[in-house]
Amino acid sequence: AVLMAVEHAPPGKRGFYGSWPQIGSPLGLVLSTAAFSAVGFLPDEDFLAWGWRLPFLASALLIIVGLVVRLRIMES
């Protein structure tokens, strides 16, 4: 990801663009914690019945975004 970001960066901004993929893992952890904290406010019965599935269903959007990005970038 860093290589692709640097290859497609404008001149003079390669370091900045190359730093963005490194934020992916910490940002993913923060977002997953926030998602489960949000559904954690549901009553226990609802959370155990269907609420725990909501963050996983929402992650399908990230899969679609990743697929679109991957299909639009030319191979190096």
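Report follows, based on the coordinates. Here the structure is a predicted model, which is why all the values come from computation and not from measurement.

About the criteria used
Residues numbered from 1 in each chain as written. Predicted model: local features only at pLDDT ≥ 70, side-chain atom pairs only at ≥ 80, totals over all residues. Heavy atoms only, no water. Phe/Tyr/Trp six-rings, centres within 6.5 Å; stacked < 30°, edge-to-face > 60°. Buried < 20%, exposed > 50% of the residue type's maximum accessible area, 1.4 Å probe, protein only. Axes fitted to C-alpha atoms, helices over the stretch in contact; angles between N-to-C directions. Helix = DSSP H or I, 4+ residues; strand = E, 2+ residues; numbered from the N terminus. Parallel < 35°, antiparallel > 145°, perpendicular 65-115°, else oblique. Left-handed = near helix turned anticlockwise from the far one by under 90°. Contact = heavy atoms within 4.5 Å. Nonpolar A, V, L, I, M, F, W, Y, C, P; charged D, E, K, R; others polar.

Enumeration over the complete set of coordinates arrives at four aromatic pairs. Seen from their ring centres, Phe16 and Tyr17 are 6.1 Å apart, and the 70° between their planes marks the pair as edge-to-face. Given the relative accessible area of 34%, Tyr17 is considered partly exposed. Look at Phe16 and Trp20: their rings are 5.8 Å apart centre to centre, the planes differ by 90°, and that puts the pair in the edge-to-face class. This pair shows no difference in class: Phe16 is exposed, exactly as Trp20 is. Through a chain of ring-to-ring contacts, the aromatic side chains of Phe16, Tyr17 and Trp20 assemble into a single cluster.

At their nearest, the axes of helix H3 (residues 24-39) and helix H5 (residues 53-72) sit 9 Å apart, and the two run at 135° to each other. In terms of their interaxial angle, H3 and H5 are classed as oblique. With respect to the hand of their crossing, H3 and H5 are arranged in right-handed fashion. Here H3 contributes Ala35, Phe36 and Val39 to the contact with H5, which in turn contributes Leu54, Pro55 and Phe56. Partitioned by chemical class, the residues of the contact of H3 with H5 number six nonpolar, no polar and no charged.

Read these as geometric descriptors, not functional statements.
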